[in-house]
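# Secondary and tertiary structure notes
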Amino acid sequence: MAHQRKIIHIDMDAFFASVEQRDKSEFRGKPLIVGGKPNARGVVAACSYEARKFGIHSAMPCSQAYRLCPSAIFVPPRFNVYREVSEQIRAVFWRYASEVEPLSLDEAYLDVSYTQDFNGSATYIAKAIKNDILSETQLVASAGVSYNKFLAKIASDMDKPDGLYVIKPDQALAFIEGLSIGKFHGIGPATESKMNKLGIHTGADLRAWNEQDLVKYFGKSGHHFFHISHGIDERAVQSTRKRKSVGKETTFQQDIQSILALRDHANSLSEQVWETLQSQKLTAKTLTLKVKYANFTQVTRSITHDSALDLMTIKSLLPRLLNRTEAGGIAVRLIGVSVSGFDTKPAKKAKQQLALGLGNVF
Amino acid sequence: MQFTVSQESIVRPLQLVCSIVERRATLPILSTILLRTHGQQLTMTSTDMELEMIATLPVAVEQEGKATVSARKFLDICRALPANATISFQAQDNKALVRAGKSRFSLSTLPSEDFPDSEGAHYTDEISLPQSALKSLLDETSFAMASQDVRYYLNGLLLEREDNILRAVATDGHRLALGSLSTTNTVDKKNSIIVPRKAILELGRLLNDSSDNVTIAFSQQQIKVELPDLHFTSKLIDGQFPNYQRVLPLGGDKEVIAERDKLKEALSRAAILSNDKHRSVRINLDTNLFKATVINQEQESAEEELVVEYSGAALEIAFNNAYLLDLLNAIPDEKVKMIFSDDNSSVLITPQDDKLERQYVVMPMRL
């Protein structure tokens, strides 16, 4: 058998809301909603477990959340704080995993196949990660452990909050059989209802289909559905899916006509981009300017420099890119600056103690 | 119960008995030892529910009976008294009175009926051998035991009986140590037990290098070790030890003979600079040359060259240096034989003249 991978999916429990409850004792034990104002058009970005009891969930319009629980506390998100915490938890991940693939601020896949701690027991590693996160951030995470990303992600959702759920290779097929189709990652409500119409309600139903038929009904995704129904998901945890570009953009409160004002905005965006580049120790060669006009049509203009860009160069190139658009003539709604074409050095392979062939431990 | 005893004669056995008492016992009774007098003897018993140790010593018994006292307090008191002191111990109601000269201590006791009884066992195999032989066998192998491994059956030492051989095997999954000795009796059927790590370490402390006999006996659930004045039992690890034969490498074609002392010294010096988690050392083999290189994260380096007997192909391979040093420490012989095959396969190390009675296997590191 090929090498058995060990994948952990970590998902912070009610992340934004938990951070707010951690930092402000008066929010603890109360229904808390992070997101827009109750009377505005925003949506719920996160809500505390107390709020979930009222049927509130993330992505729900705030007005609806307010109707469900008028006594809920509404707070605006503090992304800077969440990002800081996110850095902290990622530092924990890197302590144990050889590959870390963040999906968002509060969620990541970890490949611990080569981790030696706890003699390679992914379950114990997951426990240690949860403990480290708790002691370093006072926040609770749920972990899913399995041999591929698909199952690890489902596992992390199994006994939230503060969950640790393991799907061992020999349990996988039985587990998938009993799983309702909507729980599959990548099967949204639309696909779910389409499947239901075809009589597919559980993993077992899905597995009964052959690959060609699934592809016929669901296109390319059919291949994926076929494989996951058999517990197969070869997608690697890719921390090397390093960012291909760094960009910042801003949508104006009111459309802007003045080319000078746009240049100022572009300059300040380029400063933010530069800061990110520096903090990530990246060097880029290509500069791209994105302009969205008031009528929502969008253009990008880019230029590739023959050596690594610095802030001075970026600022000197931006007016040239801006001149290649219709900005100044047509009002502009959004402007964005990004850089790409990073210098990629081959990653250094870590030393690794090889194991005697005593048999694998999961 | 009442007895008197000299400080000198009680401290040593008391220390041994107290050594297995957990510092943070789960049940109060487990932090005590049971004292019993009968005839002109005192027996002291301690247990952690896995191990049980019973020491016997002659005392002047004034009144037979039994009592439990805090192991730590009683030991500390006895130890702190002068060597020539005569200690008098008297237990009454729920107090124990310890007196010596002008010192008086009143200790609380727990009901002695609450002290866990040891389970009887049906011992099927009994071996009598010199203490020094058993001690060597443990010293040669026990360092490779795993500790707190999720593969619980590795957190101990495999003792295997086959014909007139007693074999000990330990592995932590990265390296393996095997030792054996022959016994006077023979078993009909091959069988094996796994003795927990704590019992093995404790046993290593109890045994000395004398030729005095020690008796060990096996049952399905227990191992019993009898020393003069000391009786030691341990529960066994209930599990299946991996088939170690499978990882003993065969067919390595690169055979190196090295002087053990020189090799050990060279690797110890190189180890000074290794500071990473893996303590890696790179080994380069060439005709009659063994080169060890350590490069640390600060890019400092150590290089050691050693003349060895070697006529095979050149090889570069890396190991955890600590694993190599551990096994070299366990080999007292003058020369060692190392058989390599390639940089991804384990090395087999034995004393040069050994007929495979002692074998050490270490997996390399990938650099």
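Predicted model only: the values in this text are computed from it and were never measured. (Residues numbered from 1 in each chain as written. Chains lettered and ligands numbered in written order. Predicted model: local features only at pLDDT ≥ 70, side-chain atom pairs only at ≥ 80, totals over all residues. Heavy atoms only, no water.)

Looking only at helices and strands, chain A has 13 helices and 13 strands in total. Here chain A, with 362 residues, has 43% of them falling under the buried criterion. Counting contacts in chain A only where the partners sit at least 6 residues apart, residues at least 24 apart contribute 63% of the total. (Helix = DSSP H or I, 4+ residues; strand = E, 2+ residues; numbered from the N terminus. Buried < 20%, exposed > 50% of the residue type's maximum accessible area, 1.4 Å probe, protein only. Contact = heavy atoms within 4.5 Å.)

Our focus in this paragraph is unusual backbone geometry. With the exception of glycine, most residues fall at negative phi, and the peptide bonds are largely trans. All names here are of chain A. Residues Lys160 and Pro161 are joined by a peptide bond in cis, for which omega reads -10°. With respect to the helices and strands, the residue Pro161 is situated in the loop between α6 (149–156) and β8 (164–166). Here the phi dihedral of Phe118 falls at roughly 50°; this positive angle occurs in a residue that is not glycine. For Phe118, the position within the fold is in the loop between β6 (107–111) and α5 (122–137). In this structure Phe118 comes out as partly exposed when scored by relative accessible area, which is 36%.

Residues and elements named next belong to chain A. On the basis of which strands lie adjacent, the open sheet formed by three strands has the order β3-β2-β4 and mixed pairing. Two strands in the sheet have a free side with no partner beyond their single neighbour: β3 (44–47) and β4 (73–75). Looking at each pair of strands side by side, their axes are set apart by 30° on average, direction ignored. Both strand β2 (residues 32–35) and β4 contribute to a ladder of three bridges, which runs parallel. Bridged to Ile33 within β4 is Phe74. The sheet contacts of helix α1 (residues 15–23) involve β2, β3 and β4, and relative to β2 the element is tilted by about 115°. (Pairing = 2+ DSSP bridges. Axes fitted to C-alpha atoms, helices over the stretch in contact; angles between N-to-C directions.)

Quick look at the confidence of the model for chain A now. Looking at chain A as a whole, the pLDDT averages 86, with 93% of positions reaching at least 70. Counting interchain partners and residues more than four positions distant, the pLDDT-below-50 stretch residues 345–349 of chain A has zero contacts. (pLDDT = per-residue confidence, 0-100.)

Residue and element names in this part refer to chain B. An order of β14-β11-β12-β13-β25-β24-β23-β18 is seen for the eight strands of this open sheet, with the pairing classed as antiparallel. A single partner strand is all that each edge strand has here, and the edge strands are β14 (191–196) and β18 (254–259). The average angle at which neighbouring strand axes cross in this sheet is 20°, direction not considered. Note that strand β11 (residues 156–162) and β14 share six bridges and pair antiparallel. Residue pairing in the sheet places Arg161 in a bridge with Asn191 of β14. Contacts from helix α5 (residues 260–271) reach β18 and β23 (335–340), with the element oriented near 90° to β18. Across the sheet, helix α6 (residues 321–330) is in contact with β13 (175–182), β23, β24 (347–351) and β25 (359–362); its angle to β25 comes to roughly 175°.

As a further point, take the pairing of strand β5 (residues 99–104) of chain A. Residue and element names in this part refer to chain A. In this structure, β5 lies alongside β6, joined through five bridges in antiparallel fashion. Directly across from Val100, in β6, lies its bridge partner Leu110. Taken together, β5 and the strand that follows it, β6, pair antiparallel across an intervening segment of two residues.

Each side of the interface is counted separately: chain A has 17 residues, and chain B has 27 residues. Taken together, the links from chain A to chain B amount to zero salt bridges. Counting the contacts that link chain A with chain B gives six residue pairs in polar contact (both at pLDDT 80 or more). Class assignment of the residues belonging to the side of chain A that touches chain B gives a composition of eight nonpolar, seven polar and two charged. Pairing analysis gives two bridges linking strand β13 (residues 352–353) of chain A to strand β26 (residues 365–366) of chain B, with the strands arranged antiparallel. Counted as the bridge partner of Gln353 of chain A is Met365 of chain B from β26 of chain B. (Salt bridge = Lys/Arg side-chain N within 4 Å of Asp/Glu carboxyl O. Polar contact = N/O pair within 3.5 Å; in protein donor to acceptor, adjacent residues only side chain to side chain. Nonpolar A, V, L, I, M, F, W, Y, C, P; charged D, E, K, R; others polar.)

Angle between the axes and distance between the axes are the two parameters that describe a pair of packed helices. Residues and elements named next belong to chain A. As a packed pair, helix α10 (residues 211–218) and helix α11 (residues 221–229) sit with axes 7 Å apart at the nearest point and diverge in direction by 140°. Between α10 and α11, the interaxial angle falls into the category oblique. The way α10 lies across α11 gives a crossing that is right-handed. Between α10 and α11, the contacting residues are Glu211, Leu214, Val215 and Phe218 on the first element and Ser221, Gly222, His223, Phe225, Phe226 and His227 on the second. Its residues placed into classes, the contact of α10 with α11 shows five nonpolar, four polar and one charged. (Parallel < 35°, antiparallel > 145°, perpendicular 65-115°, else oblique. Left-handed = near helix turned anticlockwise from the far one by under 90°.)

The subject of this paragraph is the environment of His230 of chain A. Residue and element names in this part refer to chain A. The topology assignment puts His230 in the loop between α11 and β9 (245–256). Taking the C-alpha atoms as reference points, His230 and Arg207, 23 residues apart in sequence, are found 6.5 Å from one another. Aside from chain neighbours lying at most four places away, what touches His230 is Leu173, Ile176 and Arg207.

Bringing the confidence of the model for chain B into the picture now. The predicted model of chain B has a mean per-residue pLDDT of 92, with 100% of residues at 70 or higher. The complex model carries a pTM of 0.55, and its ipTM stands at 0.82.

Glancing now at the side chain of Ser86 of chain A. Along the chain, Ser86 of chain A falls in helix α4 (residues 79–96). Those residues in contact with Ser86 of chain A, other than ones at most four positions away along the chain, are Phe15 and Leu105 of chain A.

This next bit is on the pattern of salt bridges. Enumeration according to the criterion identifies 36 salt bridges over all chains in this entry. Residues Arg79 of chain B and Asp76 of chain B are paired through a salt bridge, measuring 2.9 Å at the closest nitrogen-oxygen approach. One end of the pair is Arg79 of chain B and the other is Asp76 of chain B, both in helix α2 (residues 71–80) and three residues apart, which spans about a single turn. In this structure Arg79 of chain B comes out as partly exposed when scored by relative accessible area, which is 39%. Among the residues examined, Asp76 of chain B registers a relative accessible area of 36% and is labelled partly exposed. Between Asp125 of chain B and Arg161 of chain B there is a salt bridge whose closest N-O contact spans 2.6 Å. Note that Asp125 of chain B is positioned in strand β10 (residues 125–130) and Arg161 of chain B in strand β11, a separation of 36 residues in sequence. Residue classification places Asp125 of chain B among the buried positions, given a relative accessible area of 6%. We classify Arg161 of chain B as buried; its relative accessible area is 1%. Each member of the salt-bridge network shares a partner with another, and the members are Glu20, Arg22, Asp23, Lys24 and Arg78 of chain A.

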